[in-house]
Amino acid sequence: MGQSRKRVALVIGSGGIKCAAAIGMWRVLQAENIPIDSIVGCSGGSLYAALIAKNIGWQELETLSRSLWTNDIMQGYTENLKASKDGSLRYNERSGLVNDAVMNRNLQQIYGELSFSDLTIPLTIVATDLLLGEKVLLSEGSVFDAIRASLAIPIIFPPWEVNGRLLIDGAVSDPLPIDVAIQNGADIIIAMGFTMSYRQRLRSMTAVQEQVNSIYMNNLLSSTYAFFNLAHHAEIFPIVPEFDEPLTMFDTQKIPQIAESGMQATQEQLPHIRRLLASSQ
Amino acid sequence: MEISDRQINGITVIALAGSIDALTAPAIAESINGIISRGEINLVADFHGIDYTSSAGLRVLLGAVKETRSRGGDLRLAAVQLDVMKVLKLSGFTNILKLYDDVDSALASFS
Amino acid sequence: MALVNENTRLALVIGSGSVKCAAALGLMKVLERENIGVNLVVGCSGGALYAASIALGWPVETSIDKTLSLWTRRVTEKRSRKAVLQIILPGLFHFDENFGLIDDSRLNRQLYGAFGEASFADTHIPLHIAATDFFDGEQVVLSSGLIWEAIRASLSIPYVFPPYRVAGRALIDGYQSDPLPVGIAIKEGIDIILAMGFESPYQERITSLMRYNFQISSVTSNNLLKTNFAFHNLAHHSEIIPILPEFTQRIHLFDTEKIPYIIDEGEKAAEQALPYLKRLLGATGVSG
């Protein structure tokens, strides 16, 4: 049955600094003139989802990435962690180990007064309700608020209140929210997701915490992906860049290589995407 | 399991009553497939009379959703009862399907 | 082709939920009364305890007695002295993957006391217990060897208890990979799956870092539970019937005195699902 051009959605999932791979992906998609009808971002992915929704060029994406992950973004972490261990830290649902002044300043500089309605391509950002545990979709109002909420890594950054709800990292409910694209009526979904690497050796409490977190995230990612695969009527193209070494949010100097991985992973899927776009079924 | 359908403004409203489960799934699938093959791809399933849905039932539903969507249409649910809603939530269906409080809003959503 | 025939196989899957998993005993009461046979029992975390007792054919009273004596606050009371040192000076005290805040000797003793030398081969109904590999995050299915050890592995809450080694793998709590391991039953070719799962409770108020941690842990495991369940629902060829007891009172980790109430709620939830189950099993009088 004939229908107009297939609707393409882009989903960029959680992955910390690895989300910079989206720079490489966008470079390829722009070069190929692949039209994007909607974008979904989660956690680190929301940073790029919002900028891509403004339809800016890939080089500018790279420049802006560097201005976000500054060295002082984790201020307060060490002191507060120590205080938490010796029992002197007061903590409630609005707390975070890091003082978010730097993070907020960096985000404001990039997203400023941007609102969802200013964007060229419709955007949805995913966060999680801290108290109810549910996924929360943000597609109106201030883009800064949405991204700040979606980036609120539990325990590390304070939650962010939006419309009376206390929100945290979207990845905690869904690291790669393809269902949002399905619900919005996308035929072709290009989904960039990231797996977390496991440690071979566990030499500290932090290492154990990270390992446990990675186990949970990876299992959630694969089961949500598997579910969406079965549930979607059309095609999902997974773009999962590979990295040789573990990366932390301080590896900003590695952004060019990360972007390169993203470019390669996208180029791998490109022939299949082009073929499907060209076909009439 | 009772199934009936009627057309309103070019949209087919399928009214179902009883239980959608492994036993009734084949008949429901046949009925809906028949409707879709007639070219009717914008469907509203009126769930007001459904008191139970099982995993086999959900798969039939999903099959219809996928079939209509791949043809450029959709299957949307209306008036889902509380118990059935719990199952839909647990099965992730509320994330991938459109649901409405009543048939009128479901119909309006197609325009 | 008929969904159900004399070859139809039915499984009971009991997900993680600590003492709430006793509700499975209520479900078994109903199944036994109706002469509905079970071909496979699968358990994860707290569910492993009850899955094992059901698979071993223990009467309900025995299961209750054994759980009451086994599962008390005492199993988490004794801190591991080594662990306390390891947190402060990880290098010096050789912090490694065997870290656990609580000394598990008490837990091990209690589990052995309840299950002794009983092995998977001794069960009346085939039993599978789910754990998670600490290094590759994959689900690990335990179906041979000593039952108490498999339960110990499945109960290995990270940070709290040290991981448990089985066949050279460091294992942690099954719920990290799948809180309601319906997939294990699907892989065994089971047709009808009765899935009893529990959501982790959310905090009433978050007043400390520890409570915040528990909240995050509940949010994450509940999302994983739902997502896995959703996937298996779609992927399975036959039928998954969720049996979800509702508890009007909060049930805390060691509230063993609430077990009779929990069993009642399990029975009620089973009664709700029974009419459909019986229709499904139908006139062929399938009893496993």
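All values derive from a computational prediction rather than experimental measurement. (Residues numbered from 1 in each chain as written. Chains lettered and ligands numbered in written order. Predicted model: local features only at pLDDT ≥ 70, side-chain atom pairs only at ≥ 80, totals over all residues.)

Novice: Please set out the overall build of chain A residue by residue, giving values where relevant.
Specialist: For chain A, the helix and strand inventory stands at nine helices and eight strands. For chain A, the C-alpha radius of gyration of 18 Å lies close to 19 Å, the compact-globule estimate for 281 residues. With respect to the three principal axes, the spread of C-alpha positions in chain A is 65 × 40 × 35 Å. The proportion of buried residues among the 281 residues of chain A is 48%. (Helix = DSSP H or I, 4+ residues; strand = E, 2+ residues; numbered from the N terminus. Rg over C-alpha atoms; globule rule 2.2 N^0.38 Å. Buried ≥ 20, exposed ≤ 12 C-beta atoms within 10 Å, placed from the backbone.)

Novice: Summarise the overall build of chain C; cite the residues concerned and give the values.
Specialist: Broken down by element type, chain C carries nine helices and eight strands. Its C-alpha atoms give chain C a radius of gyration of 19 Å, within 12% of the compact-globule value 19 Å for 288 residues. Structurally, chain C occupies a C-alpha span of about 70 × 40 × 35 Å along its principal axes. By residue count, 50% of the 288 residues in chain C fall in the buried class. If you take every contact in chain C between residues at least 6 apart in sequence, the share linking residues at least 24 apart comes to 76%. (Contact = placed C-beta atoms within 7 Å.)

Novice: Explain the interface of chain B and chain A residue by residue, including any values.
Specialist: Often, the extent of an interface is quoted as the loss of accessible area upon association of its parts. Contacts between the two partners involve ten residues from chain B and, on the opposite side, nine residues from chain A. Only helix H2 (55-70) and helix H4 (93-96) of chain B provide two or more residues apiece to the side of chain B that touches chain A. Ranked by residue count, the leading element in the side of chain B that touches chain A is H2 of chain B, at five residues. For the side of chain B that touches chain A, a count of residues per class yields three nonpolar, four polar and three charged. (Nonpolar A, V, L, I, M, F, W, Y, C, P; charged D, E, K, R; others polar.)

Novice: Account for helix H6 (residues 143-150) of chain A, with residues named and values stated.
Specialist: An α-helical segment advances 3.6 residues per turn. Residues three or four places apart therefore align on the same side. Among the eight residues that make up H6 of chain A, eight are buried, leaving the element largely enclosed by the rest of the structure. Taken as a whole, H6 of chain A has its buried residues at Val143, Phe144, Asp145, Ala146, Ile147, Arg148, Ala149 and Ser150 of chain A.

Novice: Would you mind going over the environment of Ser117 of chain A in detail, with residue names and values included?
Specialist: Residue and element names in this part refer to chain A. Mapped onto the fold, Ser117 is located in the loop between helix H5 (101-111) and strand S3 (123-129). Taking the number of C-beta atoms within 10 Å as the measure of exposure, Ser117 has 10 and is therefore exposed. Along the backbone, Ser117 and Gly141 are 24 residues apart, and their C-alpha atoms lie at a distance of 7.5 Å.

Novice: Just give me the short version of the sheet that holds strand S3 (residues 42-53) of chain B, but keep the residues and values in it.
Specialist: Residue and element names in this part refer to chain B. The five strands are arranged S1-S2-S3-S4-S5 in an open sheet whose pairing can be described as mixed. The open sheet has two edge strands with one neighbour each: strand S1 (2-8) and strand S5 (99-100). Pairing of strand S4 (residues 74-78) with S5 involves two bridges; the strand directions are parallel. Within the sheet, the bridge partner assigned to Leu77 lies in S5 and is Leu99. Here helix H1 (residues 25-37) sits on the sheet in contact with S1, strand S2 (11-20) and S3, set at roughly 175° to S2. Taken strand by strand, H2 contacts S2, S3 and S4, and its axis lies near 135° from that of S4. (Pairing = 2+ DSSP bridges. Axes fitted to C-alpha atoms, helices over the stretch in contact; angles between N-to-C directions.)

Novice: Can you tell me about unusual backbone geometry, naming the residues and giving the values?
Specialist: Residue and element names in this part refer to chain C. With a phi angle near 55°, Ser45 is a residue other than glycine that sits in the positive phi range. Given 28 C-beta atoms within a 10 Å radius, Ser45 is considered buried. Although it is not a glycine, Tyr159 sits at a positive phi angle of roughly 75°. Examined against the element boundaries, Tyr159 turns out to sit in the loop between helix H6 (147-154) and strand S5 (164-166). The partly exposed category is assigned to Tyr159, around which 17 C-beta atoms lie within 10 Å.

Novice: Can you explain the interface of chain A and chain C? Please cite residues and give values.
Specialist: With 33 residues of chain A at the contact, the number on the chain C side is 37 residues. The element contributing the most residues to the side of chain A that touches chain C is helix H8 (residues 205-231) of chain A, with 16 residues. When its residues are assigned to classes, the side of chain A that touches chain C shows 19 nonpolar, twelve polar and two charged.

Novice: Can you lay out the pairing of strand S7 (residues 192-196) of chain C for me, pointing to particular residues and giving the numbers?
Specialist: All names here are of chain C. Along S7, five of the five residues are buried, which leaves the element largely enclosed by surrounding structure. Across the two faces of S7 the burial is the same, with Ile192, Leu194 and Met196 and Ile193 and Ala195 all buried. Here strand S1 (residues 10-14) pairs with S7 via five bridges, running parallel. Across the sheet, residue Ile14 finds its bridge partner in S7, namely Met196.

Novice: Which residues make up the nonpolar core, and what are the values?
Specialist: Core analysis: the biggest nonpolar cluster contains 212 residues, and Val11 of chain A together with Val13, Ala24, Ala51 and Ile193 of chain C have the highest contact counts within it. Of the residues forming this core, the biggest block, eleven residues, is contributed by H8 of chain A. Not counting chain neighbours up to four residues away, the residues in contact with Val13 of chain C comprise Val42, Leu180, Pro181, Val182, Ala185, Ile193, Ala195 and Met196 of chain C. (Core = buried A, V, L, I, M, F, W, Y, C linked by C-beta atoms within 7 Å.)

Novice: Lay out the environment of Leu27 of chain C with the relevant residues and their values.
Specialist: Relative to the helices and strands, Leu27 of chain C is located in helix H1 (residues 23-33). With 247 residues separating them along the chain, Leu27 of chain C and Leu274 of chain C place their C-alpha atoms 9.8 Å apart.

Novice: Report on the packing of helix H2 (residues 46-55) of chain C against H6 of chain C, specifying residues and quantitative values.
Specialist: Packed helices, taken two at a time, are described by the angle their axes make and the gap between the axes. Residue and element names in this part refer to chain C. Taken N-terminus to C-terminus, the directions of H2 and H6 make an angle of 160°; their axes are 8 Å apart at the nearest point. In terms of their interaxial angle, H2 and H6 are classed as roughly antiparallel. Viewed along their axes, H2 and H6 form a crossing whose handedness is right-handed. Mapping the contact onto sequence places Ala48, Leu49 and Ala52 in H2 and Ile147, Ala150, Ile151 and Ser154 in H6. Of the residues belonging to the contact of H2 with H6, the class tally is six nonpolar, one polar and no charged. (Parallel < 35°, antiparallel > 145°, perpendicular 65-115°, else oblique. Left-handed = near helix turned anticlockwise from the far one by under 90°.)

Novice: An account of the pairing of strand S3 (residues 127-133) of chain C is needed here, citing residue identities and associated values.
Specialist: Residues and elements named next belong to chain C. Most of S3 is tucked away: six of the seven residues are buried. Pairing between strand S2 (residues 40-44) and S3: four bridges, direction parallel. Residue pairing for S3: Gly43 is matched across the bridge by Ile129. Two elements, S3 and strand S4 (residues 139-142), share four bridges in a ladder whose sense is antiparallel. Paired with Thr132 across the two strands is Gln139, which belongs to S4. The hairpin turn running from S3 into S4, its antiparallel successor, is five residues long, and Gly137 in that turn takes a positive phi close to 70°. Note: S3 against strand S6 (residues 169-173), three bridges, orientation antiparallel. Paired with Ala131 across the strands is Asp173, a residue of S6.

Novice: Explain the packing of helix H1 (residues 21-31) of chain A against helix H3 (residues 58-68) of chain A to me, and be specific about the residues and the numbers.
Specialist: All names here are of chain A. Where H1 meets H3, the closest approach of the two axes is 9 Å, and the angle between their N-to-C directions is 165°. In this view, H1 runs roughly antiparallel relative to H3, as classed from their interaxial angle. At the point where H1 passes H3, the crossing takes the right-handed sense. Of the residues in H3, those in contact with Ile23, Trp26, Arg27 and Gln30 of H1 are Trp58, Leu61, Glu62 and Ser65. Looking at the contact of H1 with H3 residue by residue, the classes come out as four nonpolar, two polar and two charged.

Novice: How would you summarise the environment of Ser38 of chain A if you had to cite specific residues and measurements?
Specialist: Residues and elements named next belong to chain A. With respect to the secondary-structure elements, Ser38 resides in strand S2 (residues 38-42). Given 21 C-beta atoms within 10 Å, Ser38 falls into the buried group. For the pair Ser38 and Val8, spaced 30 residues apart in sequence, the C-alpha to C-alpha distance is 6.9 Å. Not counting chain neighbours up to four residues away, the residues in contact with Ser38 comprise Ala9, Ile121, Pro122, Ala181, Asn184 and Ala186.

Honestly, that's just the spatial picture; any functional story needs more than this.
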